[in-house]
Amino acid sequence: MKCQQCEKPATFHITELTGEKPHELHLCEQCAQSYLTQNPSGGMPIQPSLAGMLHHQLKVADTAKELAKLDEQVCPICGISFYEFRNQGRLGCPHDYTCFGSELDPLIVNIHGDTQHTGKHPKHHQQSSQDQTRLIQLHNDMKVAVEKEDYERASQIRDEIRKIEEGES
């Protein structure tokens, strides 16, 4: 079905029950947005109405589009996507806090009440987040080198990993 205002496909089907008979409208997303933001006199709606609620649903649809775009964002170090994080509930590496920071901060504040750690640290934990990030990146590089059958490069990466791991002991 086509939009009654333009020739685009109608994705919103609105039934107005304001008169004696129901009045049906078939509109595309853009025409529905403009229709729902106006009241019958042509101005902005004064009080929340069905049209206002539908307009809010359009905003929710825009948010869903933004979320879909965000889901495609991938960490360059470990390769985890934001979609994978949302499904698993786990990040792939310490760099993800930087990569997905603006999306994670509100979530962390909601769960923990703050974004800064104030508790105890394990005594055996002395490895810096930079070393952890570097190790993850090296492991990924070594995996790629082995897949390409570049065993010389893989052994160099292995030696580099050992140096970092021995440095923390």
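For the structure, check the block above.
Below you will find a few notes about this structure.

**Let's talk about the overall build of the protein**
In terms of helices and strands, the protein carries seven helices and two strands. Ordered by position from N to C terminus, the α and β elements of the protein give β-β-α-α-α-α-α-α-α. Each of the 169 residues in the protein was classed as buried or not, and the buried ones make up 23%. Considering only contacts in the protein between residues 6 or more positions apart, those separated by 24 or more positions represent 28%.

**Re the layout of surface pockets**
Of the pockets and cavities examined, the largest pocket occupies roughly 520 Å³. In this structure, the largest pocket is lined by 15 residues; those nearest its centre are Leu91, Tyr97, Ile108, His112 and Thr115. Ranked by residue count, the leading element in the lining of the largest pocket is helix H5 (residues 101–112), at six residues. By residue class, the composition of the lining of the largest pocket is seven nonpolar, five polar and three charged.

**A short note on the pairing of strand E2 (residues 23–27)**
As paired strands, strand E1 (residues 12–16) and E2 are joined by five bridges and run antiparallel to one another. By the bridge assignment for E2, Phe12 is matched with Leu27.

**With respect to the pattern of salt bridges**
The full count for this structure, using the stated rule, is four salt bridges. Notably, a salt bridge pairs Arg86 with Asp71, separated by 2.8 Å at the nearest N-O pair. Of the two residues, Arg86 is situated in helix H3 (residues 82–88) and Asp71 in helix H2 (residues 50–71); the sequence distance between them amounts to 15 residues. The class of Asp71 is buried, set by a relative accessible area of 12%.

**A look at the packing of aromatic side chains**
Applying the stated criterion to the full structure yields two aromatic pairs. Arranged with centres 5.5 Å apart and planes meeting at 50°, the rings of Phe82 and Phe85 form a pair that is tilted. In this pair, Phe82 and Phe85 both sit in helix H3, three residues apart, roughly one turn of the helix. You'll find Phe82 and Phe85 in the same group, each marked buried. When the centroid spacing of 5.3 Å and the interplanar angle of 65° are considered together, the rings of Phe82 and Phe100 count as edge-to-face. One end of the pair, Phe82, is in helix H3; the other, Phe100, is in the loop between helix H4 (96–99) and H5, and 18 residues separate them in sequence. For Phe82, a relative accessible area of 5% corresponds to the buried category.

**Topic: the side chain of His26**
Summarising the element assignment, His26 is placed in strand E2. Within the structure, the side chain of His26 is placed 2.7 Å from the side chain of His13, a separation counted as a polar contact. For His26, the residues in contact, after removing those within four places along its chain, are Met1, Lys2, Cys3, Gln4, Ala10, Phe12 and His13.

**Things to note about the state of the cysteines**
Applying the stated criterion across every chain, the model contains zero disulfides. We note that Cys6 lacks a disulfide partner, and the nearest cysteine sulfur, in Cys28, lies 3.7 Å from it. Relative accessible area serves as the criterion here: at 22%, Cys6 is assigned to the partly exposed category. Take Cys93: it sits in no disulfide, and the sulfur closest to it among the cysteines is that of Cys78, at 3.7 Å. Residue Cys93 is classed as buried on the basis of its relative accessible area of 5%.

**Let's talk about the environment of Gln132**
Along the chain, the position of Gln132 falls in helix H6 (residues 129–147). Separated by 32 residues in sequence, Gln132 and Ile164 place their C-alpha atoms 9.2 Å apart.

**Quick notes on unusual backbone geometry**
Positive phi, close to 60°, is recorded for Glu149, a residue that is not glycine. Its place among the elements puts Glu149 in the loop between H6 and helix H7 (151–168).

Cut-off values and rules
Residues numbered from 1 in each chain as written. Predicted model: local features only at pLDDT ≥ 70, side-chain atom pairs only at ≥ 80, totals over all residues. Heavy atoms only, no water. Helix = DSSP H or I, 4+ residues; strand = E, 2+ residues; numbered from the N terminus. Buried < 20%, exposed > 50% of the residue type's maximum accessible area, 1.4 Å probe, protein only. Contact = heavy atoms within 4.5 Å. 1 Å grid on protein atoms, 1.4 Å probe; cavity = no way out; pocket = protein on both sides within 12 Å on 5 of 7 lines; lining within 4 Å. Points joined across faces, edges and corners; volume = space filled by probe spheres on them. Nonpolar A, V, L, I, M, F, W, Y, C, P; charged D, E, K, R; others polar. Pairing = 2+ DSSP bridges. Salt bridge = Lys/Arg side-chain N within 4 Å of Asp/Glu carboxyl O. Phe/Tyr/Trp six-rings, centres within 6.5 Å; stacked < 30°, edge-to-face > 60°. Polar contact = N/O pair within 3.5 Å; in protein donor to acceptor, adjacent residues only side chain to side chain. Disulfide = S-S within 2.5 Å.

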